[in-house]
Amino acid sequence: MQPLRIVRHSLPSEDRYLYFNPVSAAFVVTNKLGSKIIEDYISGKASHEFIKMISTKGIFDRPDRTSYGESPERLILELTTACNLRCRTCYMVASKPSPEELTTTEIEGLLDEASKAGCKTVALMGGEPLLRDDIIPITRFALDRFQQVQISTNGTLDAMQLVKEFKHSKNLTIQISLDGPDAQSNDRIRGKGSFQKARSFMGALSSAGISTTLSTVLNAYNYNLVAKMCEFACEVGASAVIFHKVHVVGRAEDFPDIIPTAEQLMHGMGMILKMFYDYGVSGRLMVDFPHNRWIRGDTLIDAAHPVCHFGRAFAFVTSRGDLVCCSHLRDGEFVCGNIRKKSLLEIWNTSPTLAAMRNLTVEEIPSCAMCEFKYICRGSCRADALGASGSILGDPPDCDALKRYYRYVLDHYARTIDPVIPEVG
């Protein structure tokens, strides 16, 4: 049985003690007596009627599993490093295609192997994947084999042939990268004219009945535009908007002005959480952000492990055929093997590098081990930690901001959730 992971947060002066389970996303707020009963139960002492009552809320649920099988559930395939834009937030500094990029035949072989092994979904990305001449046959090949296919694009190229080819496709989603709800906010990051081109492309996708989502990098210039970005997503018919925190790697290292301050990051994260509730309740739009996913619950990954699904449920293969730990840990010691030399499944199941990353826990990260938010934050981004400290076990640059944010959110829940009080006697 997997260990129980519980987040404890208290406001003693207000006699409020919050317990949160990151598996079930269940909250329980109680008083000092209730807290003592819960602590006794967690430490292995006798149960109590109060425990039976709050157990129905899922507060003591455990993850369904933490072994990830012989194949990834999702394959993320980087088709090219070529790109027509020079976005300031680009982690891979995309520009020209690599001379070692996988051929059409090699890509189809990889897709075929992954689908036969039980991989359910695939994401085709770049660089800019629509720059490949074979994007239509590759997409068609993938659609015949996977439950869901996603293409990630900047939406600025003439892609009407692709739109016509896959009109009304039920298992295709086009994800558009956009960093603002208008030209002023987006184009300062992605380049002049990119917003209008992407918006026109989204209009064509909507008319063709092709599912669309938006991907946005939260930065110093759009942190206060979260609500407007969600409004825009609804306006263009997107089903989801996924926010990502800007990573201080790649091209972003040359543009320190785009890195949000702690206060800006906290503001943006808080607004994303608010939009998650505002739009999620109505079902109008799914609003996602990796650092807020704890609020949804996760039955797949034990909360002791870093939150990223790369290497556990997701496999990332570069345009050169390298299976790497993640999109940001893609070179040197983080290359687990190459599909030109070994099969995807052989690398997935035998790579010691991948095994080490899978087995890493927050208890092994010195600054995380004693942190009350470790099962929520889960060590944040280990690639960011490596870039900031030189060690995979180091601190990410936003550690203090994240602590302040999680404390603020848990304080709010502790004060607003109706307490469950044990009966006395």
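Quick summary incoming for the structure in this document. Note that the coordinates shown come from a computational prediction; the quantities given were computed from them, not determined experimentally.

Parameters and conventions
- Residue indices follow the written sequence of each chain, beginning from 1 at its first position.
- With the structure being a predicted model, the display of local features is reserved for residues of pLDDT at least 70 and the display and counting of side-chain atom pairs for 80 or more, all residues being used for whole-chain, interface and lining totals.
- Side-chain calculation: all heavy atoms of the structure are included, whereas hydrogens and water are not.
- Helix and strand labels come from DSSP, where a helix needs a run of H or I of at least four residues and a strand needs a run of E of at least two; each type is numbered from the N terminus.
- C-alpha atoms define the radius of gyration, and 2.2 Å times the number of residues to the power 0.38 defines the globule rule.
- Exposure is judged per residue with a 1.4 Å probe applied to protein chains only, and the accessible area is read against the type maximum: over 50% gives exposed, under 20% gives buried, and values in between give partly exposed.
- By definition, residues are in contact when any of their heavy atoms lie within 4.5 Å.
- Positive: Lys, Arg. Negative: Asp, Glu. His and the chain ends are not part of the count.
- A charged residue contributes its charge at one atom only: NZ of Lys, CZ of Arg, CG of Asp or CD of Glu.
- The pairing criterion is simple: DSSP has to find at least two bridges between the two strands.
- Orientation is described by lines fitted to C-alpha atoms, with helices fitted over the stretch in contact, and by angles between N-to-C directions that extend from 0 to 180 degrees.
- Lining residues are defined by having an atom within 4 Å of a point belonging to a cavity or pocket. Those points lie on a 1 Å grid over the protein atoms alone, cavities being sets where a 1.4 Å probe fits but cannot get out and pockets being open sets with protein on both sides within 12 Å along at least five of seven lines.
- Grid points are joined across faces, edges and corners, and a volume is the space filled by probe spheres set on the points.
- Classification convention: Asp, Glu, Lys, Arg as charged; Ala, Val, Leu, Ile, Met, Phe, Trp, Tyr, Cys, Pro as nonpolar; all other residues, Gly among them, as polar.
- Here the nonpolar core consists of buried residues drawn from Ala, Val, Leu, Ile, Met, Phe, Trp, Tyr and Cys, with membership extended through side-chain atoms lying within 4.5 Å.
- Any helix carries an expected span of 1.5 Å times its number of residues minus one.

Scanning the chain for helices and strands turns up 15 helices and 13 strands. Relative to the 2.2 N^0.38 estimate, which gives 22 Å for 425 residues, the radius of gyration of the chain is 22 Å and therefore close to what a compact globule would have. Judged by the C-alpha coordinates and their principal axes, the chain covers about 75 × 45 × 40 Å. By the burial criterion, 57% of the 425 residues in the chain qualify as buried. Pairs at least 24 apart in sequence give 69% of the contacts found in the chain among residues at least 6 apart. Separation between the mean location of the 48 positive side-chain charges and that of the 49 negative ones in the chain comes to 2 Å.

On to the sheet that holds strand S4 (residues 74-78). Strand order in this open sheet of 10 strands is S10-S9-S8-S7-S6-S5-S4-S11-S12-S13, and the pairing throughout is mixed. Edge positions in the open sheet fall to strand S10 (286-288) and strand S13 (335-338), since each of these has one partner strand only. Pairwise comparison of adjacent strand axes, ignoring direction, gives a mean angle of 20 degrees for this sheet. Relative to strand S11 (residues 314-317), S4 is paired through four bridges, and the arrangement is parallel. Paired with leucine 75 across the two strands is alanine 315, which belongs to S11. Relative to S4, helix H3 (residues 104-116) is tilted by about 170 degrees, and along the sheet it contacts S4, strand S5 (121-125) and S11.

A few words on empty space enclosed by the protein. Enumeration over the complete set of coordinates arrives at three cavities of 30 Å³ or more. What the largest cavity holds in volume is close to 130 Å³. What lines the largest cavity is a set of 14 residues, and nearest its centre among them are Cys368, Cys371, Cys377, Cys399 and Lys403. Counting only elements with at least two residues in the lining of the largest cavity, the list comes to helix H12 (366-369), helix H13 (374-377) and helix H15 (399-416). The element best represented in the lining of the largest cavity is H15, accounting for four residues. Within the lining of the largest cavity, the residues separate by chemical class into eight nonpolar, three polar and three charged. In this structure, the second largest cavity spans a volume of roughly 60 Å³. Around the second largest cavity, the lining residues are Ile272, Leu273, Phe276, Val287, Asp288, Phe289, Asn292, Arg293, Ile295 and Arg296. Elements with a contribution of two residues or more to the lining of the second largest cavity: helix H9 (262-282) and S10. Split by residue class, the lining of the second largest cavity holds six nonpolar, one polar and three charged.

Grouped together as the largest cluster of nonpolar side chains are 107 residues, with contacts concentrated most on Leu111 and Trp294. Examining the composition of this core, we find that eight residues originate from one element, H15, more than from any other. Apart from residues no more than four positions distant in its own chain, tryptophan 294 is found in contact with Phe20, Pro22, Ala25, Phe27, Ile376, Tyr406, Val409, Leu410 and Tyr413. Counting residues in hydrophobic clusters, the runner-up holds 13 residues, among them Tyr17, Ile51, Ile54 and Ile59.

To continue, consider helix H7 (residues 194-207). Taking 1.5 Å as the rise per residue, H7 with 14 residues should run 20 Å; its terminal C-alpha atoms sit 20 Å apart, in good agreement. Looking only at H7, the buried set comprises Ser194, Phe195, Ala198, Phe201, Met202, Ala204 and Leu205. Directly after H7, the chain includes glycine 209, whose backbone phi takes a positive value near 70 degrees.

Cis peptide bonds are those with omega within 30 degrees of zero, and the linkage from glycine 126 to glycine 127 qualifies with 25 degrees. Mapped onto the secondary structure, glycine 127 falls in the loop between S5 and helix H4 (135-143). Of note, the phi angle at alanine 25 is positive, near 60 degrees, even though the residue is not glycine. Tracing the sequence through the fold places alanine 25 in the loop between strand S2 (16-21) and strand S3 (26-30).

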